[in-house]
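Residue-level structural notes
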Amino acid sequence: MPEGTGGTPPRTLAEALRTQGDGSLVALLRARPDLLNPVPSDLSQLATRAGTRASVVRALERLDRFTLQTAEALAVAAEPAPYDTLRALLTGDEGDPEIEAALPRAVETLRDRALIWGADDRLRLVRTARELLAPSPTHPSPTGLGPTVAEATAGMSPGRLQEILTAAGLPSTHDPVSAVASLTALFTDRTRMAALLDTAPVEALSVLDRLVWGPPYGEVTSSPTPPVQWLRDRGLLLPATTRTVVLPREAALHLRAGRAHRTPEPVAPAIAPRASDASTGARPQVVDNTAAGQAYTALATIEELAKDWNEGGPNVLRAGGLSVRDLKRTATALDVTEPVAAFWVELAYAAGLLAADGETDERYAPTPAYDDWQELPAPEQWARLATAWLTATRTAGLVGSQDSKGRTLAALGPDLDRGAAPEVRRRILDLLATLPEGTAPDPESLLGRLRWERPLRGASGTGRHDDLRARLAAWTLNEAEMLGITGRGALASHARALLAPDATDTPAVTDAARASGDTATTDVARTPAELAGARARAARALAPLLPEPLDHVLLQADLTAVAPGPLLRPLAELLAIAADVESKGGATVYRFTPGSVRRALDAGQSASDLHDFLRNHSRTPVPQPLAYLIDDVARKHGHLRVGAASAYVRCDDEAVLDEILADKRSQGLRLRRLAPTVLAAHADAVTLLDGLRVMGFAPAAESAEGDVMITRAHAHRTPPRTAPAPVPDGPPTPDTALLSAAVKAIRAGDLAATVVHKPVPEPSGSGSAALASAAAASRNGALPRTTSAETLATVQAAAMTGSAVWIGYVNAEGAASQRVIAPVRVEGGYVTGYDHTADEVRTYPLHRITGVAELADDPA
């Protein structure tokens, strides 16, 4: 039982905090990190900060439903409330074993978070929390209860109070206070209240039934009906305004059998398995294989996106982000819908693989980190994407929606960060891990669990659960499936490894460990070393599930090549140049065309190189049509030469040039013959090349020296870029070292603020004015102000005796503080000693010490 100084009950929250151990203070600062910035100077300041409205609102938002219901019940109880009164408000007259079992945990949670204080026989809700949760006409209580009899009758005439007592069968009193007490006693007496209601008309009881669970207010006319008048005469309905009446709290609690809430929820709702899984049973291997297939698809999609933006992607909008047209173009290139394309773009950006290049004509492009990422094995590539998604605050699901000003949110835009996203993602995956392996959850039961864990953040106020947390949960389930974290809705084994707290085994997070909905463990940000360990475990778990890259394809007579699985990078890159992708899936189908073969020749390959390449990497013989296609395109390739004059065409075969001039399609090129083997054009070289290829020729570009130019895709990269930093939803959870140091500093500051010091003696006669001032300051609890000589004498004496003193100190910036120091040396205008407040040895200039006083008891 918490006690104040001298064994008396604490009178304030600060006194209650002083009775707690360091472990309790660490738990408080971990649960409410906003109290830590800046570190409070002492426990009084910590208590004051813990009672501010913003901090209390944030703390209430992190309570689960039953703990919040406990606080709401305490807000409608008389203060201070014994534990038994609180239990009766939650269990009612009949009692409830589940509530009684869950209530101690809820009370302890509220006490640990400094929302209530006091012993179990004197529980007090922090004043700001009471103001937020107690009923009022402008802010109805979630309990549905109204004001007390005393609150509802405030301002009522004494005569009217006596009339109510007479109608209720109570004796008259001599003053309004005793009248209110008498009526309150009637409403809280179960026997007498039941007898009064037995005399009520049936219609009056129907009126009470409509008000009993809230809202407790009802409108009345100037001529109320007889049932309403009967209730008003006996105080069961009291006037709230000239046109409204209210059911007093004591009467409502009697009608509710003493229960503050209609439906208390002491136990977190269970997560039900999906109906199909409940009937077919768990399929862990199927889940892992499905998730691994999605993981491979995710890697291929990111590579395809980077390839599409390899030479410089879309322009950056002036306000930041992608335009709608560019997002549509990217979705077409990836063969996905626009919302899905937005997810892949945002994921690559969050992983630091894509960024803006920062040029004058700013464009998006892959970063140098993308090239490093490409060199990693596929399992490690996936692990980096998964951890980036898990910790990112950017929310792709918002793309296309509108902000508060009616502006459409763009992919890669500046307004997509939602601080709650990492917490929701991690919590969803932790809840999936509580299910048996291979079992997918029922989405509605999963959302119901999230709403129980964070009811204030999940309340839309409209009866519809369309809040941000619910949408984040739905997006998380979809994105986890696309990324390969889940397969068929169930958590995959490699995702369990990613969530595992250490490198031992990868056990699922037990549901019992988080039955309270307290996700403090998952909210703690992982250190870089912990993230690296999680990635390594996930990569090891995924590696056996991904197919090994192949070094061969299957050539077919219809000019196609089938890749029965992922290909080695050199093979995939060359095949992507020499052939066009026709279809994707478990096997990728490539088609060779004259254009694709010409593309390979433009990239520096020769006909013999292509023949050798296909022969060495095909498990089937090279089909004759494909060999003819390569030889035919190669024979024509480079037969024409195009240079810059604006541009020219030269060819040793004059007949070919004659054919070009005779073709009507060449008129737009404005060609003219300069020599028997040379044509000049007004068009530039690129336009001339494209025009001749449209006409069916296979020209090659020529350099100024007359050599054939090899054209390769120019890989455009941004300067080195770091991945976007997450924007947290409030202060980050501090680590253990910071918490320990903060508690130590708070304790030391509290010692300096509350230490008992010897009183400065009262001066007699014409004594020193400084001593008089010091004596007055000492009596008022302020810092003493002593003269320089008195300060020097006191600290010298303390240094000789080894005792501690209490000083006031003003630093170079003019900030005043009070400290407890044990001087060890006084010389040269400085005092050096052990500072109990800072827990270290420090040196202070004597001229900055405002005053000094000896301690009554030397602190240990």
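Conventions adopted
Throughout this description, residue numbers start from 1 for each chain and increase along the sequence as written. Thresholds applied to this predicted model are a pLDDT of at least 70 for local features of residues and 80 or more for the giving and counting of side-chain atom pairs; totals over whole chains, interfaces and linings are not thresholded and use all residues. Hydrogens and water are ignored here; the side-chain numbers use all heavy atoms of the structure. Put simply, DSSP marks the helices as runs of H or I at least four residues long and the strands as runs of E at least two long, and each gets a number from the N terminus on. Burial classification: accessible surface area is computed with a 1.4 Å probe over protein chains only, and a residue below 20% of its type maximum counts as buried, one above 50% as exposed, and the rest as partly exposed. Residues count as neighbours in contact if any of their non-hydrogen atoms are within 4.5 Å of one another. For the area figures, the Shrake-Rupley method with a 1.4 Å probe applies, and any residue is considered shielded solely by the protein chains shown. Any Lys or Arg side-chain nitrogen located within 4 Å of an Asp or Glu carboxyl oxygen qualifies as a salt bridge. Two strands qualify as a pair provided DSSP detects at least 2 bridges between them. Per residue, pLDDT measures the predictor's confidence, with a range of 0 to 100. Here a pair means two rings of Phe, Tyr or Trp (six-membered ring of Trp) with centres within 6.5 Å. Their orientation is stacked below 30 degrees between planes, edge-to-face above 60, and tilted elsewhere. Here, axes are lines fitted to C-alpha atoms. For helices the fit covers the stretch in contact, and angles between N-to-C directions go from 0 to 180 degrees. Any angle that falls under 35 degrees is termed roughly parallel, while one over 145 is termed roughly antiparallel, one within 65 to 115 roughly perpendicular, and all others oblique. Ten residues, namely Ala, Val, Leu, Ile, Met, Phe, Trp, Tyr, Cys and Pro, are considered nonpolar, four, namely Asp, Glu, Lys and Arg, are considered charged, and the remaining ones, Gly among them, are considered polar. Think of it as the arc spanned by the lines of direction from the helix axis to the C-beta atoms. Take the number of residues in a helix, subtract one, and multiply by 1.5 Å to get its expected span.

Moving on to the overall build of the protein. Within the protein, the regular secondary structure consists of 36 helices and 23 strands. For the protein, the proportion of its 860 residues judged to be buried stands at 46%. Excluding contacts between residues fewer than 6 apart, the proportion of contacts in the protein whose partners are at least 24 apart in sequence is 65%. For the protein, the exposed surface amounts to about 40600 Å²; the carbon and sulfur share of it is 54%.

Side-chain pairs of opposite charge can arise where the charged atoms are in close proximity. Overall, the coordinates contain 34 salt bridges when judged by the stated rule. Note that Asp22 and Arg747 form a salt bridge whose closest N and O atoms lie 2.8 Å from each other. Here Asp22 is found in helix 2 (residues 22-31), whereas its partner Arg747 is found in helix 34 (residues 736-754), with 725 residues between them in sequence. Note on Asp22: relative accessible area 44%, which makes it partly exposed. The closest approach of N and O atoms between Glu423 and Arg454, which form a salt bridge, is 3.6 Å. Of this pair, Glu423 sits in helix 22 (residues 421-433) while Arg454 sits in the loop between helix 23 (443-453) and helix 24 (468-483), and the two are 31 residues apart along the sequence. In this pair, the class of Glu423 matches that of Arg454, namely buried. Beyond isolated ion pairs, a larger network of salt bridges with shared partners links Arg62, Glu423, Arg454 and Arg469.

Moving on, we come to the sheet that holds strand 4 (residues 238-239). With respect to topology, 3 strands assemble into an open sheet ordered 3-5-4, the strand pairing being antiparallel. Looking at which strands have only one partner, the edges of the open sheet turn out to be strand 3 (217-219) and strand 4. Bridge count for strand 4 against strand 5 (residues 244-246) is 2 bridges, and the pairing is antiparallel. Residue pairing across strands places Pro239 opposite Val245, the latter belonging to strand 5.

Turning to the confidence of the model for the protein, a few remarks are in order. This prediction gives the protein a mean pLDDT of 85; 88% of its residues lie at or above 70. Per-element mean pLDDT across the protein ranges from 40 in helix 26 (residues 520-523) up to 96 in helix 19 (residues 338-350). Every residue in residues 763-781 scores below 50 in pLDDT, and together they form 26 contacts with partners more than four places removed in sequence or on other chains.

It is worth spelling out the packing of aromatic side chains at this point. Enumeration according to the criterion identifies 4 aromatic pairs in this entry. On the basis of an interplanar angle of 65° and a centroid distance of 4.7 Å, the ring pair of Tyr809 and Tyr844 is categorised as edge-to-face. Of this pair, Tyr809 sits in strand 19 (residues 805-810) while Tyr844 sits in strand 22 (residues 840-845); the two residues are 35 residues apart in sequence, bridging distant segments of the chain. Tyr844 matches Tyr809 in its accessibility class, with the two residues each being buried.

Strand order in the open sheet formed by 5 strands is 22-21-20-19-23, with antiparallel pairing between adjacent strands. With partners counted over all chains shown, the strands left at the sheet margins are strand 22 and strand 23 (849-854), one partner each. Sheet twist, expressed as the average angle between the axes of neighbouring strands with direction ignored, equals 45°. Bridge count for strand 19 against strand 23 is 5 bridges, and the pairing is antiparallel. Bridge assignment links Ile807 to a residue of strand 23, and that residue is Val852. The strands touched by helix 34 within the sheet are strand 19 and strand 20 (816-827), with strand 20 carrying the most contacts at an inclination of about 90°. Against the sheet, helix 36 (residues 788-801) touches strand 19, strand 20, strand 21 (830-835) and strand 23, its axis set at about 65° to strand 20.

All right, on to unusual backbone geometry then. Put simply, Asn37 and Pro38 share a cis peptide bond, and its omega is -5°. Of note, Pro38 is situated in the loop between helix 2 and helix 3 (43-50). For the peptide bond that leads from Gly214 to Pro215, omega is -5°, which places it in the cis range. Turning to its location among the elements, Pro215 is positioned in the loop between helix 13 (202-211) and strand 3.

Here we take up the packing of helix 17 (residues 284-308) against helix 19. Look at helix 17 against helix 19: their axes get within 10 Å of each other, and the N-to-C directions meet at 85°. Classified by the angle their axes make, helix 17 and helix 19 are roughly perpendicular. Taken together, the residues of helix 19 that come into contact with helix 17 (itself represented by Ala298, Thr301, Ile302 and Leu305) are Trp344, Val345 and Ala348. Across the contact of helix 17 with helix 19, the residue classes break down as 6 nonpolar, 1 polar and no charged.

Each full turn of the α-helix corresponds to 3.6 residues, which orients residues three or four apart in the same direction. If you check which residues of helix 13 are buried, you get Ala204, Val207, Leu208 and Leu211. Along the long axis of helix 13, the arc covered by the buried residues comes to 95°, so they all point the same way. Along helix 13, exposed side chains directed more than 90 degrees from the buried face belong to Val202, Glu203, Asp209 and Arg210.

Taken N-terminus to C-terminus, the directions of helix 21 (residues 378-391) and helix 24 make an angle of 170°; their axes are 11 Å apart at the nearest point. If you check the angle between helix 21 and helix 24, you find them roughly antiparallel. Seen from helix 21, the contacting residues are Trp382, Leu385, Ala386 and Trp389; seen from helix 24, they are Thr476, Glu479, Ala480 and Leu483. Tallied by class, residues from the contact of helix 21 with helix 24 come to 6 nonpolar, 1 polar and 1 charged.

Moving on, we come to helix 19. Given a rise of 1.5 Å per residue, 13 residues ought to cover 18 Å, and the 18 Å separating the end C-alpha atoms of helix 19 matches this to within 8%. Here helix 19 has its buried residues at Ala341, Ala342, Phe343, Trp344, Val345, Glu346, Leu347, Ala348 and Ala350. Its buried side turned inward, helix 19 meets helix 17, helix 18 (324-334), strand 6 (354-356), helix 21 and helix 24. One or two steps after helix 19, the chain reaches Gly352, where phi turns positive at roughly 80°.

The next subject is the pairing of strand 21. Here strand 20 pairs with strand 21 via 6 bridges, running antiparallel. Paired with Pro823 across the bridge in strand 21 is Gly833. Pairing between strand 21 and strand 22: 6 bridges, direction antiparallel. Across the sheet, residue Asp835 finds its bridge partner in strand 22, namely Glu840.

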